[in-house]
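Descriptive structure summary
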Amino acid sequence: MNEIAIRIGSVEFANPIMVASGTFGYAEEFDGLVDFREIGAVVTKTVTLEPRPGNAPPRIYETAAGMLNSIGLPNVGVKDFIDQKMPFLRTLQSRIVVNVAGVTAKDYVAVVACLDSVPGIDAFELNYSCPNVKQGGMSFSSNAQIAEAVTASVRKETKKPLIAKLTPNVTSISDIGRAVEQGGADALSAINTLVGMAVDVRTRKPRLSTITGGLSGPAIKPIALAKVYELCKSVSIPVVAIGGIMNLHDALEFFMVGAIAVQVGTANFMNPGCAAEITRDLRCYCQQQDLNLSDLIGSLEVDG
Ligand code: SIN
């Protein structure tokens, strides 16, 4: 059997294809539609300490090759997440990664502290990168010292893998990557959305209630590849790639620049089975080429 399992910190994932936070709800929405055994990890919609309603509509707009969103991290809050969402999540054969955010550094610590002993949670993704909230959000990964300090505080609360999700909306993503590695992160995930905007020329109004939002989908894949390539050269912890991944070909590009795993995001809105299909295609590809995933990771050939 050709090997496609990966490890992040102490946790093994049966395959390297995950579904990205905010594109797959809390998974129960996809019950009966997808084969969860083929999804390496479900990364949940962000969980915060208190419930949040999210931003006012309109909060989604489709662009030429992607999607603008300004959702604003709506969620039920950590208590109801444990009571209402975890009972289904823990029945799945996928790994469960809980995406966590906060308005303050203390919020991240408090949410992880609440969740750490909850059965069924395998890892945490620290969302330092949402461009759609007034407080917190992107500010946590726009400053290396803050990113390192928050990560170090959360590190004290859990032995589970911590994956820090970074924004591309910074001058140097590798400075931030190195800082969170120093703070004790086990892996990075990148990239979250790029700040973008669209205008309705008929009404002369912005398409989103918050004026700007986050751009995702195929439009951002070349940028994501460049950022993931940069990060993989800058840190020694694994990098999980996100950004416009629609099919096996896209995933292979990210493995070749050095990513250990990929998250499928916007594609889930068009085809909920996309991640599972990529896993099956990856298995076939590795079998046909007689390769293990490790032969692909970082196999980019650069002349000179
Ligand atoms: C949102 O809820 O606004 C999107 C999530 C994110 O960008 O982290």
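Report on the accompanying structure. Counting from 1, residues in each chain are numbered in the order their sequence is written. In keeping with the model being predicted, local features are shown solely for residues with a pLDDT of at least 70 and side-chain atom pairs are shown and tallied solely at 80 or more, while totals for entire chains, interfaces and linings include all residues. Note that water and hydrogens are dropped before the side-chain values are worked out from all heavy atoms of the structure.

Let us now look at the site of the ligand. Contacts to the ligand come from Lys45, Asn69, Ile71, Gly72, Leu73, Asn127, Cys130, Pro131, Asn132 and Asn192. A distance of 2.8 Å is found between an oxygen atom of the ligand and a backbone nitrogen or oxygen belonging to Leu73. Under the rule applied, a polar contact is a pair of N or O atoms within 3.5 Å (in protein, one hydrogen donor and one hydrogen acceptor; residues adjacent in sequence only if both atoms are side-chain atoms). Contacts to the ligand include Asn192, whose side-chain N or O atom sits 3.1 Å from an oxygen atom. Working definition of accessibility: Shrake-Rupley area with a 1.4 Å probe, residue cover restricted to the visible protein chains. Protein coverage of the free-state accessible area of the ligand, which is 260 Å², stands at 91%. Definitions used throughout: a 1 Å grid over protein atoms alone; a cavity as a set of points that fits a 1.4 Å probe which cannot get out; a pocket as an open set with protein on both sides within 12 Å along at least five of seven lines; a lining residue as one with an atom within 4 Å of a point. A cavity or pocket is said to hold a molecule if more than half of that molecule's atoms lie within 2 Å of its grid points. Cavity membership is defined here by more than half of the atoms lying within 2 Å of grid points; on that basis the ligand lies in the largest pocket. Along the lines of polarity and charge, the residues of the shell around the ligand split into four nonpolar, five polar and one charged. When we say a residue is near a molecule or strand, we mean one of its heavy atoms is within 4 Å of it. Any residue that is not Ala, Val, Leu, Ile, Met, Phe, Trp, Tyr, Cys, Pro, Asp, Glu, Lys or Arg is counted as polar, Gly included; the first ten are nonpolar and the last four charged.

Our focus in this paragraph is unusual backbone geometry. In this structure, Pro58 follows Pro57 across a cis peptide bond, with omega equal to -5°. Residue Ile191 is bonded to the preceding Ala190 through a cis peptide linkage, with omega at 10°. Labels follow the DSSP assignment, with helices taken as runs of H or I lasting at least four residues and strands as runs of E lasting at least two, numbered in each case from the N terminus. Looking at where Ile191 falls in the secondary structure, it is placed in the loop between β10 (187-190) and β11 (194-197).

An order of β5-β6-β14-β11 is seen for the four strands of this open sheet, with the pairing classed as antiparallel. Each edge of the sheet is formed by a strand with only one pairing partner; in this case those strands are β5 (60-63) and β11. Going across the sheet, the axis of each strand differs from the next one's by a mean of 40°, ignoring polarity. Two strands form a pair only when DSSP identifies at least two bridges running between them. Of the pairings in the sheet, the one linking β5 to strand β6 (residues 66-69) comprises four bridges and is antiparallel in character. What sits directly across from Tyr61, in β6, is Leu68. The angle between two axes is taken between their N-to-C directions and runs from 0 to 180 degrees, where each axis is a line fitted to C-alpha atoms and a helix contributes only its stretch in contact.

Pairing is parallel around the closed barrel formed by eight strands, whose spatial order is β3-β4-β7-β8-β9-β10-β15-β16. Each adjacent strand pair in this sheet contributes to an overall mean axis angle of 25°, direction not counted. Bridging between strand β15 (residues 239-242) and strand β16 (residues 261-264) involves three bridges; their strand directions are parallel. Considered in β16, the bridge of Val240 is made with Ala261. Note on definitions: a residue-residue contact is assigned when non-hydrogen atoms from the two residues lie within 4.5 Å. Here helix α6 (residues 248-257) sits on the sheet in contact with β3 (17-19), β15 and β16, set at roughly 145° to β16.

The next thing to look at is the pattern of salt bridges. By convention in these notes, a salt bridge is any Lys or Arg side-chain nitrogen within 4 Å of a carboxyl oxygen on Asp or Glu. Summed over all chains, the structure comprises 13 salt bridges. The salt bridge involving Lys85 is made with Glu28; its shortest N-O contact spans 3.4 Å. Of this pair, Lys85 sits in helix α1 (residues 77-89) while Glu28 sits in the loop between β3 and β4 (41-43), and the two are 57 residues apart along the sequence. Take Lys85: its relative accessible area is 15%, and that puts it in the buried class. Between Asp186 and Arg155 there is a salt bridge whose closest N-O contact spans 2.7 Å. Of this pair, Asp186 sits in the loop between α4 (173-183) and β10 while Arg155 sits in helix α3 (residues 144-155), placing them 31 residues apart in sequence. Linked through salt bridges whose partners overlap, the residues forming this network are Glu38, Arg280 and Arg283. Relative accessibility under 20% of the residue-type maximum defines a buried residue, over 50% an exposed one, and the middle range a partly exposed one, all with a 1.4 Å probe and only protein chains included.

Once that is clear, we can look at the packing of aromatic side chains. Between 30 and 60 degrees the pair is tilted, below 30 it is stacked and above 60 it is edge-to-face, where a pair is any two Phe, Tyr or Trp rings, Trp via its six-membered ring, whose centres lie within 6.5 Å. Counted by the stated rule, this structure contains seven aromatic pairs. Both rings, one in Phe24 and one in Phe36, keep their centres 6.2 Å apart while their planes meet at 85°; by these two values the pair is edge-to-face. In this pair, Phe24 is assigned in the loop between β3 and β4 and Phe36 in the loop between β3 and β4, connecting sequence segments 12 residues apart. In this structure, Phe24 and Phe36 share a single accessibility class: buried. With a centroid separation of 5.8 Å and an interplanar angle of 50°, the aromatic rings of Tyr26 and Phe81 are classed as tilted. Taken together, the residues span a long stretch of sequence, with Tyr26 in the loop between β3 and β4 and Phe81 in helix α1 at a distance of 55 residues. A relative accessible area of 6% means that Tyr26 is categorised as buried.

Mapped onto the elements of the fold, Ser216 is located in strand β14 (residues 212-216). In this structure the C-alpha to C-alpha distance between Ser216 and Asp290, which are 74 residues apart in sequence, comes to 33 Å. If sequence neighbours within four positions are ignored, Ser216 has contacts with Ala65, Gly66, Met67, Thr193 and Thr266. Of note is the side chain of Ser216, whose polar atom sits 2.7 Å from the side chain of Thr266.

Glancing now at the side chain of Asn55. Within the fold, Asn55 resides in the loop between β4 and β5. A polar contact of 3.1 Å, which involves the side chain of Asn55, links it to the side chain of Ser70. If we ignore the near neighbours within four places in the chain, the residues touching Asn55 are Ser70, Ile71, Gly72, Asn132 and Thr210.

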